[in-house]
Amino acid sequence: MHMADALISPAVGGTMWALSAGLIGYCSKKVKNEMDDQKIPLMGVMGAFIFAAQMINFTIPVTGSSGHLGGGMILSILLGPHIAFLTMASVLTVQALFFADGGLLALGCNIFNLGFFPCFIAYPLIYKKITRENPTRNNIVSGSLIAAILGLQAGAFAVVVETVMSGISELPFSTFLMLMQPVHLAIGIVEGVTTAAVVIFIWKARPEILNAAASSVPIGGISIKNVLTGITVAAVITGGALSWFASSNPDGLEWAMFKTAGVEELESPHELHASLSKVQEKTAFLPDYGFKSDESELILNENKSTEENGTTAATTEDKKHQSSAWPAVDSGTSVSGLTGGLLTLTLAVAVGFILRHKKSNA
Amino acid sequence: MANLHNNLFDIFYMDTLAAGDTWLHRLDPRAKVLTTLIFVATVVSCGKYEVSMLIPFILYPVFMVTLANLPILYIIKKMALLMPFAFFIGIFNPLMDKNIIARIDLTGIVVWIETIGLNNIMGLIDFNGLKGITGTIDVSGGWISFFSIMMRFCLTVGAALILICTTGFDSVCMALQRFGVPGPFIVQLMFLYRYMFVLIDEASRMLRARALRTFDTGNIKHNLFGQMIGQLLLRTLDRAQRIHLAMCCRGFDGHVRMVRKMNFGMTEILFVAGWSLVIVTFRMYNIPVKIGTLISEIP
Amino acid sequence: MSHHIVQAENLHYTYPDGTLGLNNINFRIDHGESVALVGSNGAGKSTLLLHLIGCLTPTEGNIRIGDYPLNKKNLKAVRRSVGMVFQDPDDQLFMPTVFDDVAFGPINLGLPDADVEKRVMTALETVGVSHLAKRSPHKLSGGEKRAVAIATVIATTPDILIMDEPSSNLDPGSRRRLISLLKTFTHTKIIATHDLDMALELCGRTIVLNKGELAADGETKALFHDDNLLEASGLEKPLTMQGCPFCSKEPIPVIAK
Ligand SMILES: Nc1ncnc2c1ncn2[C@@H]1O[C@H](COP(=O)(O)OP(=O)(O)OP(=O)(O)O)[C@@H](O)[C@H]1O
Ligand SMILES: [Mg+2]
């Protein structure tokens, strides 16, 4: 599944961007160093191949539904992990730009989830370990299947973590996980089977292609370990900087922290507490624009929550303090943000009309 | 298959749009890429329960669509097609987050819209004229964040589509290169984009040939699948080899260079700076609430 | 100018999978000559052309382009003077726009940007498609693609022009334009083709390949009158040299004689 802009916070999006950018940089360097300039058109055309191959659907036996080829695993097997990663990243970029699959900020997440895990985890640690130097029909099938499934499981897990860390979607960690993992088990099996089918075909028709890929072990240069350490550091710094930024602004990161820390609370029936205090934390950062508050209503609500969970007392205190600190707007003359919103919308559209009118006059 | 072909036509159409000739089209691609990124990042940085704050942001897409002569209905249609996805994810929010954070109170004379702390969502509408309505409507945080997700979705997707429709894929690539994206990745993007069309054509020819011989237009059986894709793959590999030859014949030495005149001039600086200012202002001040407050103070 | 000659000596080539590509090919093409390379499918035309640009290395024998033997060391120099138009223009047009594509060669030659632009526009004008400069190759028709592919090659100002089936997939009008265009080139030309009428019109000399071997090498008109040779090589007399089936008049005199 693709992550979407609408569901991620800038901190998560930025961190994943940094990670993916680091990996792209590393792989580009790797490809450049390999000196084999034949790989340049090869990579590009293979990306196009993934697009084209995805239009060939097949019927999944038993279920009767249709499946198609995935991406990361087959690319890794045919081209080696570095080229495969770059190719996957390019496919996802095109999807983000043209089909708005995911989105621009979520692109980092998507590249990482769908590129890193199959290319740098599942392929070297699973597929290669199973097939080793001498691929046979059986170990190609089992290698592809297990690697594809685990690669996708890892990707799905990352989607869940990123979504929950972002805190925009309300889906609790465990529920989301229960939703994602089984779905991706099915997708993984399909991807594994298709990958195996194609690899076996190639292995029979042109075995030298597989051998070439298998032997393209990174030759010296930078080791993946160093790179991983490097990007982890970069990610931590970016994440840290962004969360500092977030904490000095009304932003989503505390939410993320809070949420991941408070997973159990979210599942518990006393959800109200958690969400309420979130609301309060949230509002604590809000700038003091026209605030309308009816004290009695507020207290009513607070009492409700206090009844349900005594521990909110402290936050309630906090909140009272804050709300009194906000300039109280006379409720009689207060006009809603809704009205303001409608007005703004009208204004924006009007600007459009004016611009168009002006242009047609010009 | 039909789906992919539609996507292909879509790309063709967006390409055509990007070939337009307005000043926005002519603007240095870097300016547009930068502004789009700032826009998306800022929209995404708005708090989870922000709804009204997001409204002013629509000014940017409106501005771009209008001045770049983009077909507004097409953009809306494209967004609508993707809507179910955002809806599917967003709809969990009302289900999970039932915590009431806003209340619409319809007691007699006045309609209250009470929000706990979240003054920015709604305020108070004076409905003096409507008598006899009673009761309250409670709005949960889930619904509010759901609307927020849908708005974010429209804004971010819209911005990405507008970028590609005013700039074109290759110019976006060139801009990315100037921003320091590594050369091999840029070349990769350009090749992918170029050969996507060729290979999809090749794949559909294969499918057509199969359909004609099997008298069956449905999906292919799984055992045939490996062969079909494998064939396509072999053809692809051969093609890659031929392309490489063609490149070598014209002096390819491992680097793909391009001459693209790009000029980040005054217009571009003003464009980026102007929009950044506007976007950040929208983020810092909740304009709708400000306007609402202002109006209420007039009498 | 002796450096425009193309010479093959005792060429042999076997593909890695054992398929025989070329067997004992000898010829010498002089400066300014226009030579057609004909033969049935799989006769080895493309294989031979790929040798001439150093994309394939002969298993035996050697090639001289100008004064140099073609080898790794002077491959670059040779490729500067030889331009090749490939069989499938999609393989040749790999850049995002027509302009970028035509500019690819000149940029690699190390020309300054201004000259590159001038070269590109001149090349596009020569083939009559300067209006396509900003288009993407994937949006061109077959004939337009072919024209641009030719432009990409002339932009590198080669001394020797090599083409693999340039007139395939062209409608009669485009084919005619292509022929008139090629007539204006004074370069050495080597054209592999199944279009024997075009060969007759453009090339004074023809080399016939059959199963990787050189079946004949001589004046085009003479070879095309040799029915035995044509039949043995899987070819057929060009239409312009056959009598008209409707009015049973003699072949078109201008060309056939
Ligand atoms: N990459 C390859 N590997 C193995 N054999 C090949 C390869 N390419 C071509 N051949 C074989 O070499 C022989 C000559 O092929 P070539 O492409 O030169 O023919 P051609 O004269 O250009 O034919 P056409 O008119 O169909 O283009 C054929 O028998 C072909 O099957
Ligand atoms: Mg050929």
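Residues numbered from 1 in each chain as written. Chains lettered and ligands numbered in written order. Predicted model: local features only at pLDDT ≥ 70, side-chain atom pairs only at ≥ 80, totals over all residues. Heavy atoms only, no water.

Draft legend 1. Molecular detail of the site of ligand 1. Residues and elements named next belong to chain C. The environment of ligand 1 is made up of 14 residues, and the closest members are Gly 42, Lys 45, Ser 46, Thr 47 and His 194. A distance of 3.3 Å separates a nitrogen atom of ligand 1 from a polar atom in the side chain of Tyr 15. Within the side chain of Glu 165, a nitrogen or oxygen atom sits 3.3 Å from an oxygen atom of ligand 1. Calculation on ligand 1 without its partners gives an accessible area of 640 Å², and the protein chains cover 65% of this total. (Near = heavy atom within 4 Å. Polar contact = N/O pair within 3.5 Å; in protein donor to acceptor, adjacent residues only side chain to side chain. Areas by Shrake-Rupley, 256 points an atom, 1.4 Å probe, with all protein chains shown as cover.)

Draft legend 2. Spatial organisation of helix 6 (residues 137-166) of chain A. For helix 6 of chain A, with 30 residues, the first-to-last C-alpha span of 43 Å sits near the 44 Å given by 1.5 Å per residue. Two residues or fewer after helix 6 of chain A comes Gly 167 of chain A, characterised by a positive phi angle close to 70 degrees. (Helix = DSSP H or I, 4+ residues; strand = E, 2+ residues; numbered from the N terminus. Expected span 1.5 Å × (residues − 1).)

Draft legend 3. Spatial organisation of the coordination of the magnesium ion (ligand 2). Residues and elements named next belong to chain C. At this site the magnesium ion (ligand 2) is bound by Ser 46 (OG) and Gln 87 (OE1), with donor distances of 1.9 to 2.8 Å. In this pair, Ser 46 sits in helix 1 (residues 45-52) while Gln 87 sits in the loop between strand 6 (82-85) and helix 3 (89-92), placing the two residues 41 residues apart along the sequence. What makes Gln 87 partly exposed here is its relative accessible area of 36%. (Donors = N, O, S within 2.8 Å, 3.2 Å for Na, K, Ca; no water. Buried < 20%, exposed > 50% of the residue type's maximum accessible area, 1.4 Å probe, protein only.)

Draft legend 4. Geometry of the packing of aromatic side chains. In total, this model carries 29 aromatic pairs over all chains according to the counting rule given. An angle of 10 degrees between the planes, with centres 5.4 Å apart, marks the rings of Phe 98 of chain A and Tyr 193 of chain B as stacked. Placement of Phe 98 of chain A in helix 4 (residues 81-98) and of Tyr 193 of chain B in helix 9 (residues 183-214) is noted, with the two residues assigned to different chains. The exposure classification of Phe 98 of chain A matches that of Tyr 193 of chain B, with both residues buried. Aromatic pair Tyr 13 of chain B and Tyr 74 of chain B: ring centres 4.6 Å apart, planes at 75 degrees, arrangement edge-to-face. Here Tyr 13 of chain B is found in helix 1 (residues 2-18), whereas its partner Tyr 74 of chain B is found in helix 5 (residues 72-90), with 61 residues between them in sequence. (Phe/Tyr/Trp six-rings, centres within 6.5 Å; stacked < 30°, edge-to-face > 60°.)

Draft legend 5. Seen up close, the packing of helix 3 (residues 72-79) of chain A against helix 4 of chain A. Residue and element names in this part refer to chain A. Contact pair helix 3 / helix 4: the axes reach a minimum separation of 7 Å and the direction vectors enclose 140 degrees. Relative to helix 4, the element helix 3 is oriented oblique. Along this stretch, helix 3 crosses helix 4, giving a crossing that reads as right-handed. Residues Gly 72, Leu 75, Ser 76 and Leu 79 of helix 3 pack against Pro 81, Ile 83, Ala 84, Thr 87 and Met 88 of helix 4. In terms of residue class, the contact of helix 3 with helix 4 is made up of 6 nonpolar, 3 polar and no charged. (Axes fitted to C-alpha atoms, helices over the stretch in contact; angles between N-to-C directions. Parallel < 35°, antiparallel > 145°, perpendicular 65-115°, else oblique. Left-handed = near helix turned anticlockwise from the far one by under 90°. Contact = heavy atoms within 4.5 Å. Nonpolar A, V, L, I, M, F, W, Y, C, P; charged D, E, K, R; others polar.)

Draft legend 6. Structural view of unusual backbone geometry. Residues and elements named next belong to chain C. Of note in this structure, Asn 10 is not a glycine but carries a positive phi near 55 degrees. Among the residues examined, Asn 10 registers a relative accessible area of 32% and is labelled partly exposed. Of note in this structure, Lys 211 is not a glycine but carries a positive phi near 50 degrees. On the secondary structure map, Lys 211 appears in the loop between strand 9 (205-210) and strand 10 (213-219). Of the residues examined, Lys 211 reaches a relative accessible area of 67% and is grouped as exposed.

Draft legend 7. Geometry of the confidence of the model for chain B. Residue-level pLDDT values for chain B average 79, and 79% of them are 70 or greater. In the model, residues 107-133 of chain B has pLDDT below 50 throughout and makes 94 contacts with residues more than four positions away in sequence or in other chains. (pLDDT = per-residue confidence, 0-100.)

Draft legend 8. Summary view of the pattern of salt bridges. Using the criterion set out here, one finds 22 salt bridges over all chains in the structure. One salt bridge connects Arg 26 of chain B with Asp 21 of chain B, and the closest N-O pair in it is separated by 2.9 Å. Residues participating in the shared-partner salt-bridge network are Glu 202, Arg 235, Arg 239 and Arg 242 of chain B together with Asp 88 and Asp 91 of chain C. (Salt bridge = Lys/Arg side-chain N within 4 Å of Asp/Glu carboxyl O.)

Draft legend 9. Here's a closer look at the side chain of Asn 93 of chain B. Topologically, Asn 93 of chain B is positioned in helix 6 (residues 92-96). Only 3.0 Å separates the side chain of Asn 93 of chain B from the side chain of Ser 145 of chain B, close enough to count as a polar contact. When near neighbours in sequence (up to four residues on either side) are disregarded, Asn 93 of chain B contacts Ile 168, Ser 169, Glu 170 and Leu 171 of chain A together with Gly 142, Ser 145, Phe 146 and Ile 149 of chain B.

Draft legend 10. Just the pairing of strand 3 (residues 34-38) of chain C, in detail. Residue and element names in this part refer to chain C. Across the 5 residues that make up strand 3, a large majority, 5, are buried. Side chains Ser 34, Ala 36 and Val 38 of strand 3 all project onto a buried face; the interleaved residues Val 35 and Leu 37 project onto the opposite face, where all are buried too. When strand 3 meets strand 8 (residues 188-192), the two strands line up parallel, connected through 4 bridges. Looking at strand 8, one finds that Ala 36 is bridged to Ile 191. Bridge count between strand 3 and strand 9: 4 bridges; the pairing is parallel. By the bridge assignment, Leu 37 is partnered in strand 9 with Ile 207. (Pairing = 2+ DSSP bridges.)

Draft legend 11. Local environment of the pairing of strand 9 of chain C. All names here are of chain C. Taking burial as the measure, the 6 residues of strand 9 include 6 buried ones, the bulk of the element. The two faces of strand 9 match: Arg 205, Ile 207 and Leu 209 on one face and Thr 206, Val 208 and Asn 210 on the other face are all buried. Between strand 9 and strand 10, which follow one another and run antiparallel, lie 2 residues, and Lys 211 among them has a positive phi close to 50 degrees.

Draft legend 12. Structural view of the nonpolar core. Phe 49 and Phe 98 of chain A together with Phe 271 of chain B are the most contacted members of the largest nonpolar core, which totals 208 residues. The contacts of Phe 98 of chain A, once residues within four sequence positions are left out, are Ile 11, Met 14, Lys 78, Leu 161, Ile 164, Phe 169 and Tyr 193 of chain B. Counting 50 residues, the second largest nonpolar core, distinct from the first, contains Val 85, Leu 182, Ala 199 and Leu 229 of chain C. (Core = buried A, V, L, I, M, F, W, Y, C linked by side-chain atoms within 4.5 Å.)

Draft legend 13. Structural view of the confidence of the model for chain C. Residue and element names in this part refer to chain C. Scored by pLDDT, chain C has a mean of 86; 93% of the residues are at 70 or more. Here helix 11 (residues 253-256) stands out as the element of chain C with the lowest mean pLDDT, 50, in contrast to strand 3, whose mean of 94 is the highest. Reported confidences for the modelled complex are a pTM of 0.77 and an ipTM of 0.82.

Draft legend 14. The interface of chain B and chain C, seen in detail. Across the contact, 30 residues belong to chain B and 33 residues belong to chain C. Summed over both partners, the interface of chain B with chain C comes to about 2,800 Å²; 59% of that surface belongs to carbon and sulfur atoms. Considering only the surface of chain B that becomes buried against chain C, Arg 194, Arg 250 and Val 259 of chain B emerge as the three largest contributors, covering 31% of it. Applying the counting rule to chain B against chain C returns 6 salt bridges. Here Arg 239 of chain B ties to Asp 88 of chain C by a salt bridge, and the two come within 3.2 Å at their closest N and O atoms. Counting the contacts that link chain B with chain C gives 12 residue pairs in polar contact (both at pLDDT 80 or more). Secondary-structure elements contributing two or more residues to the side of chain B that touches chain C are helix 1, helix 9 and helix 10 (222-249) of chain B. Counting residues per element, the side of chain B that touches chain C draws most heavily on helix 10 of chain B, at 8 residues. Grouping the constituent residues of the side of chain B that touches chain C by class yields 17 nonpolar, 3 polar and 10 charged. (Buried area = accessible area lost by both parts, 1.4 Å probe.)

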